[in-house]
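So you can see what is in the structure, the chains are spelled out below.
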Amino acid sequence: SMVGDVHRTLLYGGVFAYPADQKNKNGKLRLLYEGAPMSFLVEQAGGKSITGHSRVMDIPPVEVHQRVPVILGSADDVDECFGYFDRCKDPVLRERCENRLKGVKQ
């Protein structure tokens, strides 16, 4: 399903988003199998891929089945989503995102 959705996003533009939620605080997609490979393809095609506050490709893997939130698609649309996350002042969300970048196991 993700491959088809990302293919459509590459062809027609827009955003594919699988953000974190209350039940899946670290997102649902696995970094090594889903998040990073699709992020690489989208970025090579001129798009962007973020977790909310950072690039997916900047996250160091700390475990095989590590999960991350993913928002990827056309650069302008992802930048707009990033603007919403950037204005969020929730300290818990910011700490979780910063820990992901530092490679802290969550």
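Scope of this entry: the structure provided in the associated data block. Just so we're clear, the structure is a prediction, and the values are computed from it rather than from any experiment.

Reading the values: rules and limits
Residues numbered from 1 in each chain as written. Predicted model: local features only at pLDDT ≥ 70, side-chain atom pairs only at ≥ 80, totals over all residues. Heavy atoms only, no water. Helix = DSSP H or I, 4+ residues; strand = E, 2+ residues; numbered from the N terminus. Salt bridge = Lys/Arg side-chain N within 4 Å of Asp/Glu carboxyl O. Buried < 20%, exposed > 50% of the residue type's maximum accessible area, 1.4 Å probe, protein only. Pairing = 2+ DSSP bridges. Axes fitted to C-alpha atoms, helices over the stretch in contact; angles between N-to-C directions. Contact = heavy atoms within 4.5 Å. Patch = residues over 30% accessible without salt bridge, like charges linked within 9 Å, V, L, I, M, F, W, Y side chains within 5 Å. Areas by Shrake-Rupley, 256 points an atom, 1.4 Å probe, with all protein chains shown as cover. Parallel < 35°, antiparallel > 145°, perpendicular 65-115°, else oblique. Left-handed = near helix turned anticlockwise from the far one by under 90°. Nonpolar A, V, L, I, M, F, W, Y, C, P; charged D, E, K, R; others polar.

### So, the environment of Phe40
Now for step 1: By secondary structure assignment, the location of Phe40 is in helix 2 (residues 31–44).
Now for step 2: Separated by 52 residues in sequence, Phe40 and Val92 have C-alpha atoms that sit 28 Å apart.

### A closer look at the pattern of salt bridges
A pair can form between side chains of opposite charge whenever their charged atoms are brought close.
Now for step 1: By the definition in use, this model includes five salt bridges.
Now for step 2: Arg55 is the partner of Asp58 in a salt bridge, and the nearest nitrogen-oxygen pair spans 2.8 Å.
Now for step 3: Residue class for Asp58 comes out partly exposed when judged on its relative accessible area of 41%.
Now for step 4: Connected via shared salt-bridge partners are Glu43, Arg55 and Asp58.

### Re the sheet that holds strand 3 (residues 48–50)
Now for step 1: Read from one edge of the open sheet, three strands run 1-5-3, paired in antiparallel fashion. With partners counted over all chains shown, the strands left at the sheet margins are strand 1 (15–18) and strand 3, one partner each. Recorded for the sheet is a direction-independent mean angle of 10° between the axes of neighbouring strands.
Now for step 2: Here three bridges tie strand 3 to strand 5 (residues 70–73), and the two strands are oriented antiparallel to one another. The partner of Lys48 across the bridge, within strand 5, is Gly73.
Now for step 3: Here helix 2 sits on the sheet in contact with strand 3 and strand 5, set at roughly 25° to strand 5.
Now for step 4: The strands touched by helix 3 (residues 75–87) within the sheet are strand 1, strand 3 and strand 5, with strand 5 carrying the most contacts at an inclination of about 150°.

### With respect to the side chain of Thr51
Now for step 1: Assignment of secondary structure puts Thr51 in the loop between strand 3 and strand 4 (67–68).
Now for step 2: By relative accessible area, Thr51 is classed as buried at 3%.

### A short note on a nonpolar patch on the surface
Now for step 1: On the surface, Leu32, Tyr33 and Val64 cluster together to form a nonpolar patch covering roughly 260 Å² of accessible area.
Now for step 2: You can see Tyr33 is positioned in helix 2.

### Focus: the packing of helix 1 (residues 2–12) against helix 2
Think of two packed helices as two axes; the pair is described by the angle between the axes and how far apart they sit.
Now for step 1: Between helix 1 and helix 2, whose axes approach to 11 Å, the crossing angle comes to 20°. The angle between helix 1 and helix 2 falls in the class roughly parallel. Regarding helix 1 and helix 2, the two cross each other, and that crossing is right-handed. Of helix 2, the residues touching helix 1 (which contributes Met2, Val3, Val6 and Leu10) are Glu34, Met38 and Val42.
Now for step 2: Looking at side-chain class alone, the contact of helix 1 with helix 2 contains six nonpolar, no polar and one charged residues.

Geometry only, nothing functional implied.
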